[in-house]
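Now for the letters of each chain:
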Amino acid sequence: MIRFEALNAKHGDALLIQYSWKNRKRLWIIDGGPKGVWKQTLKPRLEELRGDDSELAVDLAMLSHVDEDHVTGILQMTKGLAEQEDGAADFLEIKRFWHNSFRDIVGSSASLQAGMTSLAGTQAKAEAAMTSADPQLNIGNGSLDQRAVAVLASIGQGRELRDYLTKLQLSGNDPFGGTLSSKSGSKVVDGAKVTLVGPIKSRLDAFRQKWKSESGNAAALAALFRDDLDESPTNLSSLVMLVEIAKRKILLTGDARGDDIVDGFKDAGLDLPSKLDILKMPHHGSDRNITEKFLRSFPAKHYVISADGKYGNPDSDTIENIVSVRGDGDYTLHFTNDVKGLKTQLTKLQKTRSFEFEIRAKSAPSLAIELG
């Protein structure tokens with residue numbers, strides 16, 4: 001039996017996978033949600049899973065990418081363990097951890113530091129402009145300033161996590177090793193076959209080159225983090241992996257873009273279309289991450305969307321497109337939160353198409369899917 005849980009992670013992701021192998025239950029944690037999720041949902045659920053045992057083995061913990069709605073809970077978990085804080089989940093025994101730090105993404109510590117120095121200068125100018133009437137201090141691009149601050153925050157969180165993992169002796173992405181990408185191949189981990197599909201190695205290489213060449217230009221660096229399309233390097237560098245357990249297939253997508261996931265499958269040498277048991281929809285159901293080719297490439301028995309309406313997610317167009325592409329069929333749409341207009345839209349779509357849907361009950365910590 002395989003049990004997939006999407007916890008109430010507000011506008012973020014916090015997922016659990018449980019299965020048995022060699023007469024022992026296995027547990028994976030994927031992402032930790034934004035502020036509040038660790039204390040309110042994730043930690044209590046882990047305590048519940050521990051039961052009367054003194055320890056709870058976490059066979060794999062993974063961070064898909066460094067964005068606050070994925071990393072915050074993971075940071076709280078690892079910080080508590082590394083620094084032996086009061087109230088930490090010291091009953092956890094994490095056996096391995098996977099993620100790409102920002103240093104992995106940009107290629108080297110020197111390149112990372114050069115870019116951070118440039119961005120810090122932009123941030124300092126922005127802060128000075130807010131407190132001074134001197135027009136010379138006004139750099140005239142508020143959205144650029146905000147992106148620079150956001151980039152620095154993400155880098156800082158990534159470095160903090162890296163330090164905790166080093167202290168816990170969990171760095172290194174065992175057994176893959178190095179930076180994880182679509183060229184990392186497949187490994188069998190505790191009876192589960194894992195194939196890395198994203199990020200696409202060529203995209204990582206291109207971003208590294210761009211970061212290096214623009215490391216002295218804060219405006220160019222901040223502009224790499226566009227907000228009009230989903231061009232955020234943190235999203236585009238999301239870990240995407242196909243997990244195969246006992247002939248069941250689960251695709252974990254982080255905040256990756258649909259077209260990148262399709263290309264990543266090809267880059268990893270996998271065949272398309274690929275029928276899935278569970279598809280964790282990318283980027284909380286944002287329509288900026290979904291293409292028709294993506295939906296046709298990954299027909300699934302269960303579609304999971306973790307969102308609470310913040311930033312407009314899940315987009316109504318995404319839901320309509322799933323149903324339009326799949327038509328009548330034996331599949332279910334699962335939602336971690338009941339957002340305004342969601343039930344009305346789903347009920348209306350059911351009048352023209354045959355499918356099922358599930359919305360997490362308010363009293364439940366998660367929605368769960370069990371695969372026999």
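For the structure, see preceding data.
**A few points about the overall build of the chain**
- A tally of regular secondary structure across the chain gives 12 helices and 16 strands.
- The long-range fraction of contacts in the chain, counting pairs at least 24 apart against all pairs at least 6 apart in sequence, stands at 69%.
- Summed over its atoms, the accessible surface of the chain is roughly 16400 Å², and 45% of this surface lies on carbon and sulfur atoms.

**Remarks on the pairing of strand E3 (residues 24–30)**
- In terms of residue burial, E3 counts as a mostly covered element, since five of its seven residues are buried.
- Following strand E2 (residues 15–21), the chain reverses through two residues before pairing antiparallel with E3; Lys22 in that reversal takes a positive phi of roughly 55 degrees.
- Pairing analysis gives three bridges linking E3 to strand E5 (residues 60–62), with the strands arranged parallel. The residue bridging Ile30 from the neighbouring strand is Met62, located in E5.

**Description of the side chain of Ser297**
- In this structure, Ser297 sits in helix H10 (residues 292–297).
- Among residues more than four places away in sequence, those in contact with Ser297 are Val262, Leu272, Pro273 and Ser274.

**Quick look at the sheet that holds E3**
- Strand order in this open sheet of six strands is E7-E5-E3-E2-E1-E16, and the pairing throughout is mixed. Every other strand in the sheet has two partners, leaving strand E7 (97–98) and strand E16 (366–371) as the edge strands with one partner each.
- Pairing of E5 with E7, which is carried by two bridges, proceeds in the parallel orientation. Residue pairing for E7: Met62 is matched across the bridge by Trp98.

**Quick notes on the pattern of salt bridges**
- On inspection of all chains with the given rule, the structure shows 23 salt bridges.
- In this structure, the salt-bridge partner of Arg162 is Asp163, at a minimum N-O distance of 3.6 Å.
- Looking at Asp163, the relative accessible area reads 43%, which means it is partly exposed.
- Across the pair Asp205 and Lys201 runs a salt bridge whose closest N-O atoms are separated by 3.0 Å. Residue Asp205 and its partner Lys201 are located together in helix H6 (residues 201–213), separated by four residues, close to a single helical turn.
- Shared partners join several salt bridges into a network, and the residues in it are Arg24, Arg26, Asp59, Arg96, Asp174 and Asp190.

**A look at helix H12 (residues 342–350)**
- Taken as a whole, H12 has its buried residues at Leu342, Gln345, Leu346 and Leu349. Seen from one end, H12 has its buried residues packed into an arc of 95 degrees, which puts them on one side. Relative to its buried face, H12 has exposed residues pointing more than 90 degrees away, namely Thr344 and Lys348.
- Structurally, H12 contributes buried residues whose contacts are with helix H11 (316–326), strand E14 (332–335) and strand E15 (356–359).

**Thoughts on unusual backbone geometry**
- In this model, Asp174 is joined to Pro175 through a cis peptide bond whose omega is 5 degrees.
- Looking at the secondary structure, you find Pro175 in the loop between helix H5 (142–167) and strand E8 (186–189).
- With an omega of -5 degrees, the peptide bond between Leu272 and Pro273 qualifies as cis.
- On the secondary structure map, Pro273 appears in the loop between helix H9 (258–267) and strand E12 (276–280).
- Although it is not a glycine, Lys10 adopts a positive phi angle of roughly 55 degrees.
- Its place among the elements puts Lys10 in the loop between strand E1 (2–7) and E2.
- A positive phi angle is found at Lys22, which is not glycine, with a value near 55 degrees.

What counts as what
Residues numbered from 1 in each chain as written. Predicted model: local features only at pLDDT ≥ 70, side-chain atom pairs only at ≥ 80, totals over all residues. Heavy atoms only, no water. Helix = DSSP H or I, 4+ residues; strand = E, 2+ residues; numbered from the N terminus. Contact = heavy atoms within 4.5 Å. Areas by Shrake-Rupley, 256 points an atom, 1.4 Å probe, with all protein chains shown as cover. Buried < 20%, exposed > 50% of the residue type's maximum accessible area, 1.4 Å probe, protein only. Pairing = 2+ DSSP bridges. Salt bridge = Lys/Arg side-chain N within 4 Å of Asp/Glu carboxyl O. Arc of directions from axis to C-beta.

Interpretation note: all reported values are geometric properties and have no functional meaning in isolation.
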